[in-house]
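Here's the letter readout for the chains.
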Amino acid sequence: SGNGEDDNKPVFKKFESYRSEAKLPQVREQKIVVDKRNETVILPFYGMAVPFHITTLKNASKSDEGDFVMLRLNFITPGQAGGKKEDMPFHDPNATFVRALTFRSADTHRMTQIYRDITDLKKEAAKKETERKEMAD
Amino acid sequence: MSERRYTEFESIHCGVQPDKGRFRIAPNGIGWKSSSGKTTVVSVDDLRKLSWSRAARGYQMRVLLKDNTVYKFDGFKPDDFEEAKDAIKMYYKIQLEQKELSVKGWNWGKTDFQGSNMIFNVTNKPMFELPLGQAIGTNKPGKNEVAINFVDPGQPAPEGVNPKEVDELMDITFYVPGTVAKESENKDN
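Quick caveat: nothing in here was measured; it's all calculated off a predicted structure.

Cut-offs used in this document
Residues numbered from 1 in each chain as written. Chains lettered and ligands numbered in written order. Predicted model: local features only at pLDDT ≥ 70, side-chain atom pairs only at ≥ 80, totals over all residues. Heavy atoms only, no water. Pairing = 2+ DSSP bridges. Helix = DSSP H or I, 4+ residues; strand = E, 2+ residues; numbered from the N terminus. Axes fitted to C-alpha atoms, helices over the stretch in contact; angles between N-to-C directions. Contact = heavy atoms within 4.5 Å. Polar contact = N/O pair within 3.5 Å; in protein donor to acceptor, adjacent residues only side chain to side chain. Buried area = accessible area lost by both parts, 1.4 Å probe. Salt bridge = Lys/Arg side-chain N within 4 Å of Asp/Glu carboxyl O. Buried < 20%, exposed > 50% of the residue type's maximum accessible area, 1.4 Å probe, protein only. pLDDT = per-residue confidence, 0-100. Expected span 1.5 Å × (residues − 1). Phe/Tyr/Trp six-rings, centres within 6.5 Å; stacked < 30°, edge-to-face > 60°. Lys NZ or Arg CZ within 6 Å of the ring centre and 35° of its normal. Domains from an automatic or database assignment.

Turning next to the sheet that holds strand S1 (residues 33-35) of chain A. All names here are of chain A. With respect to topology, three strands assemble into an open sheet ordered S1-S2-S3, the strand pairing being antiparallel. Only two strands of the sheet have a single partner each, and these edge strands are S1 and strand S3 (48-53). When the angles between neighbouring strand axes are averaged without regard to direction, this sheet yields 30°. The sheet contact formed by strand S2 (residues 40-45) and S3 spans six bridges and is antiparallel. Directly across from Phe 45, in S3, lies its bridge partner Met 48. Here helix H1 (residues 108-136) sits on the sheet and contacts S1 and S2; the angle it forms with S1, its principal contact strand, is near 30°.

Below is the structure:
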């Protein structure tokens, strides 16, 4: 992407979870799976295994509700209050964006691990991005 | 019709239900019967389109009816495709279409509606599909935002679903730039 000469205007840095459907791991169940190698969170949507690349994730939070653990995922979209808009160019700003998702499970232990895996993956991705920017400077 | 004329697949799920059953493609229609006795039957006259795609549990057959109702059966093996395709072609003269899903991992795309199903397409491939008929509410939490609520906190897991075995989608929020303009160009499918 940018070669540092005229990067006043940041460009959209392309990313993708999987090249093709065949590369999507076998999930087998309707459970959240964190695919660290491909920096992707695979989410169950009514029988489908739906991948979201960690780059799209803004943050995650976890809360308890009775017997359930709820996991909230917030995604990066245009028009976010307090967002550093200029830092985040969009591939198609006029598209419809998934901004947030909430899942729940009664498997407290597994959900805690998933929450930790997601936040770690996000931290690592952010670190890599910072390093990439430093290299470009 | 004394001779056996149908094709069957074992260990197939209907919708998100955990029970497995026998899935049958027969001249008069499609049938599914779980080991506990639940049944789903679709008459040949109601069939409109059948497609095949990846699912959380193996592969999925999506059955679209003429009234836009959608039934989904999953748990098929990759090798089941040819057999299912041949049976569907022979009995219904319908082509079982292989539908590739978007696995890019992007969170932006375009929404499309088929009956009460909302399909989220990324670069013209479906990424996910939501049965809006199962939604319990919608609201606009903020400017250009639309939230769809499927499960309320405190609500028990659906009958037969072990909440430790299934992670349930509770709600989804979309950001829709220029909501008003978009609605007027909503195309019917």
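There is more to say, and it comes next.
So, on to the side chain of Asn74(A). Residue and element names in this part refer to chain A. With respect to the element layout, Asn 74 can be found in strand S5 (residues 68-75). Of note is the side chain of Asn 74, whose polar atom sits 3.4 Å from the side chain of Arg 72. In this structure, Asn 74 is in contact with Leu 57, Lys 58, Asn 59, Arg 99 and Ala 100, ignoring residues within four places of it in sequence.

The residue Gly31(B) is located in strand S3 (residues 29-34) in this model. Discounting residues that sit within four places of it in the chain, Gly31(B) has contacts with Arg22(B), Phe23(B), Arg24(B), Thr40(B) and Val41(B).

A few words now on the interface of chain A and chain B. Between chain A and chain B, the contact holds 56 residues from the first and 52 residues from the second. The junction of chain A with chain B conceals about 5,000 Å² of combined surface from both sides, 55% of it contributed by carbon and sulfur atoms. By the criterion of area lost to chain B, the three top residues of chain A are Glu21(A), Tyr46(A) and Arg104(A), representing 19% of everything that side buries. Applying the counting criterion to the chain A and chain B interface returns seven salt bridges.

All names here are of chain B. On strand S4 (residues 39-43), burial follows the alternation: Thr 40 and Val 42 on one face are buried, whereas Thr 39, Val 41 and Ser 43 on the facing-out side are not. Bridge count between S3 and S4: five bridges; the pairing is antiparallel. Its bridge partner lying in S4, Trp 32 is registered against Thr 40. In this structure, the hairpin formed by S3 and S4 is closed by a connection of four residues, where Gly 37 is found at a positive phi of approximately 100°.

Time to look at the confidence of the model for chain A. The predicted model of chain A averages 88 in pLDDT, with 88% of residues at 70 or higher. Counting interchain partners and residues more than four positions distant, the pLDDT-below-50 stretch residues 1-5 of chain A has four contacts.

With that settled, the discussion passes to H1(A). All names here are of chain A. Here H1 contains 29 residues, and its C-alpha end-to-end distance of 42 Å stays within 8% of the 42 Å for a straight helix at 1.5 Å per residue. For H1, every residue scored as buried is listed here: Arg 110, Met 111, Ile 114, Asp 117, Ile 118, Leu 121 and Ala 125. The inward-facing, buried residues of H1 abut S1, S2, strand S4 (57-65), S5 and strand S6 (96-105).

Before going further, it helps to spend a moment on the packing of aromatic side chains. Considering all chains together, one arrives at 22 aromatic pairs over all chains under this definition. For the pair Phe9(B) and Phe23(B), a centre-to-centre distance of 6.5 Å together with 45° between the ring planes defines the contact as tilted. Placement of Phe9(B) in strand S1 (residues 7-14) and of Phe23(B) in strand S2 (residues 20-26) is noted, with a sequence separation of 14 residues between them. Given a relative accessible area of 0%, Phe23(B) falls into the buried group. Their ring planes at 15° and their centres at 5.9 Å tell us that Trp52(B) and Tyr59(B) sit as a pair that is stacked. Owing to a relative accessible area of 16%, Tyr59(B) belongs among the buried residues under this scheme. An aromatic cluster is built from Phe12(A), Phe15(A), Phe90(A), Phe97(A), Trp106(B), Trp108(B) and Tyr175(B), whose rings are joined through pairwise contacts. Over the ring of Tyr6(B) we find Arg24(B), and its NZ or CZ is 3.7 Å from the ring centre. Its guanidinium or amino end placed over the ring of Trp106(B), Lys104(B) lies 5.0 Å from that ring's centre, counting from NZ or CZ.

This brings us to the domain arrangement of chain B. All names here are of chain B. Looking at chain B, the domain boundaries give domain 1 (7-98) and domain 2 (110-184). On a C-alpha basis, the centres of domain 1 and domain 2 stand 24 Å from each other. Taken together, the contact pairs six residues of domain 1 with seven residues of domain 2. Overall, the association of domain 1 and domain 2 removes approximately 560 Å² of surface from exposure, summing both partners, and the carbon and sulfur fraction of that is 41%. Of all residues in domain 1, the largest losses of buried area upon contact with domain 2 belong to Pro 18, Arg 62 and Asn 68, amounting jointly to 57% of the total for that side. Joining domain 1 to domain 2, the criterion identifies two salt bridges. Here Arg 62 ties to Glu 129 by a salt bridge, and the two come within 2.8 Å at their closest N and O atoms. Going through the elements one at a time, strand S6 (59-65) and strand S7 (70-76) are the ones with two or more residues in the side of domain 1 that touches domain 2.

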